[in-house]
Amino acid sequence: MLSTKKELAPLLKKYAQSPMSQSLSQAALETLAIVAYKQPLARAEIDMIRGVQSGGSIQKLVAKNLIEEKGRVDGPGRAILYGTTAYFMNYFGLKDLNELPDIDQMEADISEEMPLDLFFDRYQEGAE
């Protein structure tokens, strides 16, 4: 039987915590999805897709070992290119990035569930 002193329990719990034990923010999840589907890409490309700065989310994802530097752009500034890690693949149970859900199919499913214009029915009723 392996045991430890009671006074060391809080410290050992801290070491045993997974970096994924804390949930990811919506911004971090968006950033992770963009990197997973479009990798390798630079922060500027992620910012352009999201429409907001993603530096904080990228730092959190790197700290949680979900994304990593995959190279550098051969242009001015030599921006870092990000991609997913082996830990990402293992955590989400993927053997290959081709196992990610198909974006086109997801968009089609969403468009079937939600009307494109929330006010279309009211506009139609008023026109009659």
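Relevant structure appears above.
Here the structure is a predicted model, which means the values were calculated and not measured.

Some points on the overall build of the chain
For the chain, the count of helices and strands is seven helices and three strands. Every one of the 128 residues in the chain was classed for burial, and the buried ones make up 23%. Contacts in the chain between residues at least 24 apart in sequence constitute 45% of all its contacts with a sequence separation of at least 6. Summed over its atoms, the accessible surface of the chain is roughly 10100 Å², and 55% of this surface lies on carbon and sulfur atoms.

A closer look at unusual backbone geometry
Geometrically, the link from Q39 to P40 is a cis peptide bond, its omega value of -10° lying close to zero. The topology assignment puts P40 in the loop between α2 (26–38) and β1 (41–42). In this structure, R78 is a non-glycine residue whose phi angle is positive, near 50°. Position of R78 among the secondary structure elements: in the loop between β2 (67–72) and β3 (80–84).

Digging into the sheet that holds β1
Strand order in the open sheet formed by three strands is β1-β3-β2, and the pairing between neighbours is antiparallel. Two strands bound the open sheet, and with one partner strand each, they are β1 and β2. Sheet analysis places β1 next to β3, joined by two bridges and oriented antiparallel. Within β3, the residue paired with A42 across the bridge is L81. Packing against the sheet, α2 makes contact with β1, β2 and β3, and its axis sits at approximately 90° to β3.

Some points on the nonpolar core
Within the largest apolar cluster, 17 residues are counted, with the highest numbers of intra-cluster contacts made by L24, L32, I46, L61, L66, I67 and F88. Taken together, the elements giving at least two residues each to this core come down to α2, α4 (55–63) and α5 (86–91). Ranked by residues supplied to this core, first place goes to α2 with five residues. Excluding anything up to four places from it in sequence, L24 contacts L29, L32, L61, K64 and L66.

What about a nonpolar patch on the surface?
The grouping of L8, L11, L12 and Y15 at the surface amounts to a nonpolar patch, some 410 Å² of accessible area in total. Relative to the elements of secondary structure, L11 occurs in helix α1 (residues 9–16).

Some thoughts on the pattern of salt bridges
Tallied over the entire structure, the rule returns five salt bridges. In this structure, D47 engages R43 in a salt bridge whose closest nitrogen and oxygen atoms are separated by 2.8 Å. You can see D47 and its partner R43 sitting in helix α3 (residues 43–50), four residues apart, about one turn around the helix. Residue classification places D47 among the buried positions, given a relative accessible area of 14%. Among the salt bridges present, the one from R78 reaches D74, with a minimum N-O distance of 3.3 Å.

Considering the packing of aromatic side chains
Tallied over the full model, the rule gives three aromatic pairs. Centre to centre, the rings of Y87 and Y91 are 6.0 Å apart; their planes meet at 35°, and the pair counts as tilted. Placement of both Y87 and Y91 in helix α5 is noted, with a separation of four residues, approximately one turn of the helix. Given a relative accessible area of 41%, Y91 falls into the partly exposed group.

About the criteria used
- Residues numbered from 1 in each chain as written.
- Predicted model: local features only at pLDDT ≥ 70, side-chain atom pairs only at ≥ 80, totals over all residues.
- Heavy atoms only, no water.
- Helix = DSSP H or I, 4+ residues; strand = E, 2+ residues; numbered from the N terminus.
- Buried < 20%, exposed > 50% of the residue type's maximum accessible area, 1.4 Å probe, protein only.
- Contact = heavy atoms within 4.5 Å.
- Areas by Shrake-Rupley, 256 points an atom, 1.4 Å probe, with all protein chains shown as cover.
- Pairing = 2+ DSSP bridges.
- Axes fitted to C-alpha atoms, helices over the stretch in contact; angles between N-to-C directions.
- Core = buried A, V, L, I, M, F, W, Y, C linked by side-chain atoms within 4.5 Å.
- Patch = residues over 30% accessible without salt bridge, like charges linked within 9 Å, V, L, I, M, F, W, Y side chains within 5 Å.
- Salt bridge = Lys/Arg side-chain N within 4 Å of Asp/Glu carboxyl O.
- Phe/Tyr/Trp six-rings, centres within 6.5 Å; stacked < 30°, edge-to-face > 60°.

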